[in-house]
Every structure is written in C-alpha cells, then in structure tokens.
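Structural features, examined
One letter stands for each residue in the lines below.
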Amino acid sequence: MSDAFLPGNGFSTFEAADKVLVGLSGGVDSAVCVNVLRQQGFEVQGAVIRFSPTHDKAVAEAQKAAAALGVPLTVIDAGEAFEKEVVEPFCAAYCAGRTPNPCVLCNPAVKFKLLAAEADKLGCRFIATGHYARVEDRGDGVYTVCKAVSTARDQSYMLYRLGQDILSRLCLPLGEFEKEDVREMAREAALPCADAPDSMEICFIPDGDYAAFIEGRGLAGKEGHFIAPDGADLGPHKGVLRYTLGQRKGLGLALGKPAFVKAIRENGDVALGWAGEEFFGGMRLSDVCTPDGAPLPAGHYEVKVRSAAAPVGCTFDGETLVRFDEPARAPAPGQSAVFYGGDAVMGGGFIAEALD
C-alpha cells in the first residue's frame, strides 16, 4: 500500500485502520478525495460545513455525494464563527479601501479549525480536503504546504496561514493530480458530481456582486474623489468599496486613454494612473507568518501577490519590506503575499502598501 498521500509522505506509525475526516463540499474534488484515501487504506468519514444560509445547496450536494460514496457525513454549523471571522472582516476591509481574500481568512480561523475539532470528536487521526496542494515534512519535523503538481490548479497560496496543529495531520491527495485526472476518477466511480462545473465565485456571495452584498448589510465605503494622474480633481466616486488597486474597468470615466486605480488614499480619494504604469517596485506587509511560527528570515524568495498571479523574485528584509526583482503588477492592499522556496510555502503576510 502506497503512503504517497500522507502528510510528509508518510508516518512511520501509519496503520491501515487510521481514520480520516474529509471535508466534503458537494463538488467533484472532495468526493474524489474520499475515494483516493479509501483506496489508500483509510477508514473515511465525511463532514460538510454550513458556513451560511447560502451554503444550503452545497450541504445538500455533499449529502448526495456521501450517500453515493457510502460514507457517514456530519453537518457542522459554522454560521456564528464564519460571520465573525470572515464576513465582518471582509466587509470592513472593502469599506476601508482594501481588497480581502475571504478564503485566506476562513481556512485557519474557521474551516480547518472546525474540521480538526470534529475529527477529534470522531476519533479521526487525520483530516483531508480536496485542495490542490501538498503537505511535506521539510526534514526537521516541520510540516509545510507545497505547490500542487498541477500548476493551473495549485491552491497552496490559500493555505499559507495554516499552522503545525493542522499541517501535521492534513492529507491533500489531489495535490498529485491534474483536474482532468480527478474528473476521470469520478466518472469511473460513477459519482453524480463528476462533471459538475467548478465554483469560482465568493462562496457566500453567489452572484459575485460583493458591493451590493456589503451595501445590503447597511454598510458603505469611504467617500472621496477621483484624482487624475496629473493631480486634477475629477469629482466624486461611488465609494472605495467599489475599487481595487490595478482596476481598469468600471471606473465610469472618459479620460481619453485607459487609466487604472493606482492608490486608494486614507481620506477616501482614489488616485489614478495611466494604463501601463500599474507596476510597483515593492510592498510593505503586515502580520507575516510562517508554518512553524518562527520569524521569516530575510533573504531572496519567489512571491505571489494574488492567488492566480505568477510568482516573481523578491528580496524580503526580515520584517515588513519586500522589493521585487522586476516590477510586479498591482500588489493590492488587503491581499496576501505568499513566499516560496522552490515548491514550499515559506510564509506570507497581508499587503499593507504598494511601493514605487
């Protein structure tokens, strides 16, 4: 029996009877995760998290998947924690002119925390999800997230804030596969979700209109004015929650040539730059963390400034300052900067400021 999908490529104390709790979402990835782990010899149980009322459909789909897979399923109600740890900070960030990533907030504070707690209740040694990433022991007993085999599907960026309490027991079997391999395994297993479309939107805002969602909660972004590249006042905008660094579309301005959002100022003004100038030489970070909780050493790394961005070379000063080897496009305050050494996540932090 292969142990390729165990954390760190295997524990010496691994036994076939080890139990694993798989976080089911109703989609194809988590369903195939169950099958792969079961083929590895695990005793598998499932859990689906109801984060908010908008997740009721996902809960129903997870229940169908569990029935088709023949695994017991627990429904975890995370409504209160999700509201406090994810939704409220998400809204506050946009209202302040930042661009948050809710998955980065949710994974350590809600999703994996609740999965681990449920696993303890059920006597499951491991937890697992359908994320496209890997977990490896870097050789000194410290577990770290690593990039997936599939470059196109890699989700290691989203998991960078997980600590040793989670990583030491986390299995991510899909990190070894391409998406089409996963769909083919689902078809072979006759799973009802085999050809279900991938979910791309913010999970608690199905229509993708985050501004309407925030305003529907009685909140509003800071007001201010558009400031032209030459410093001219172009009049009021619609509130900072509708803009993000690097944005080109939806500005509602006719300036004769394309412009983009270069900065959102503390006073609520949105400063513009001409298209082609949306590249920055560095950034400042806040709340930098590492897999083992130690300070991130100063040095040269590759860094991703968005989940879908290509990594770029950079130098980190060991505190908060990052300088790019070559200018990088639109490191938006509120997003995360994730550092890599080869395939391994070395640490990351929240972007506080883009620097020229």
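Here, the structure is the one placed above.
Our subject in this report is the structure included herewith. (Residues numbered from 1 in each chain as written. Predicted model: local features only at pLDDT ≥ 70, side-chain atom pairs only at ≥ 80, totals over all residues. Heavy atoms only, no water.)

**Structural notes on the side chain of His55**
By secondary structure assignment, the location of His55 is in the loop between β2 (43–50) and α2 (56–69). The buried category is assigned to His55, whose relative accessible area is 7%. If sequence neighbours within four positions are ignored, His55 has contacts with Arg50, Cys203 and Phe204. (Helix = DSSP H or I, 4+ residues; strand = E, 2+ residues; numbered from the N terminus. Buried < 20%, exposed > 50% of the residue type's maximum accessible area, 1.4 Å probe, protein only. Contact = heavy atoms within 4.5 Å.)

**Some details on the pattern of salt bridges**
Taken as a whole and judged by the stated rule, the model has 17 salt bridges. Note that Asp140 and Arg138 form a salt bridge whose closest N and O atoms lie 3.1 Å from each other. Note that Arg329 and Glu278 form a salt bridge whose closest N and O atoms lie 3.9 Å from each other. Highlighted residues: Arg329 in strand β15 (residues 321–329) and Glu278 in the loop between β11 (270–274) and β12 (279–289), separated in sequence by 51 residues. Take Arg329: its relative accessible area is 28%, and that puts it in the partly exposed class. Residue class for Glu278 comes out buried when judged on its relative accessible area of 0%. Each member of the salt-bridge network shares a partner with another, and the members are Arg134, Glu136 and Asp343. (Salt bridge = Lys/Arg side-chain N within 4 Å of Asp/Glu carboxyl O.)

**Quick notes on the sheet that holds β11**
Spatially, β9-β8-β11-β10 is the arrangement adopted by the four strands of the open sheet, whose pairing is mixed. Among the strands making up the open sheet, the edge pair consists of β9 (233–236) and β10 (259–264). On average, each strand axis in the sheet is inclined to that of its neighbour by 30°, with strand direction left out of account. As paired elements, strand β8 (residues 225–227) and β11 share two bridges and run parallel to each other. Pairing of Phe226 across the sheet is with Val270, part of β11. (Pairing = 2+ DSSP bridges. Axes fitted to C-alpha atoms, helices over the stretch in contact; angles between N-to-C directions.)

**Re the environment of Ile127**
Among the structural elements, Ile127 can be located in strand β4 (residues 126–128). For Ile127, a relative accessible area of 0% corresponds to the buried category.

**Some points on the sheet that holds β2**
Two orientations exist for strands paired in a sheet by backbone hydrogen bonds: parallel and antiparallel. Spatially, β3-β2-β1-β4-β7 is the arrangement adopted by the five strands of the open sheet, whose pairing is parallel. Edge positions in the sheet fall to β3 (73–77) and β7 (170–171), since each of these pairs with one other strand and no more. Pairing of β4 with β7 involves two bridges; the strand directions are parallel. If you follow Ala128 over to β7, its bridge partner there is Cys171. Together, β1 (19–23), β2, β4 and β7 form the strand contacts of helix α1 (residues 28–39), whose direction differs from that of β1 by roughly 165°.

**Some remarks on the packing of aromatic side chains**
Tallying each qualifying case throughout the model produces ten aromatic pairs. When the ring of Phe51 is compared with that of Phe82, the centres are 5.0 Å apart and the planes differ by 50°; the resulting orientation is tilted. Pair noted here: Phe51 is in the loop between β2 and α2 and Phe82 is in helix α3 (residues 79–95), with a separation of 31 residues, a long-range link. Overall, Phe51 belongs to the buried group, its relative accessible area being 12%. Aromatic pair Phe90 and Tyr94: ring centres 5.2 Å apart, planes at 75°, arrangement edge-to-face. Residue Phe90 and its partner Tyr94 are located together in helix α3, separated by four residues, close to a single helical turn. (Phe/Tyr/Trp six-rings, centres within 6.5 Å; stacked < 30°, edge-to-face > 60°.)

**A closer look at the packing of α1 against helix α6 (residues 179–188)**
It is at 9 Å that the axes of α1 and α6 come closest, and there the two elements cross at 70°. Here α1 is positioned roughly perpendicular relative to α6, judged by the angle of their axes. The element α1 and its partner α6 pack so that their crossing is left-handed. Of the residues in α6, those in contact with Val28, Asp29, Val32 and Val36 of α1 are Lys179, Val182, Arg183, Met185 and Ala186. Across the contact of α1 with α6, the residue classes tally to six nonpolar, no polar and three charged. (Parallel < 35°, antiparallel > 145°, perpendicular 65-115°, else oblique. Left-handed = near helix turned anticlockwise from the far one by under 90°. Nonpolar A, V, L, I, M, F, W, Y, C, P; charged D, E, K, R; others polar.)

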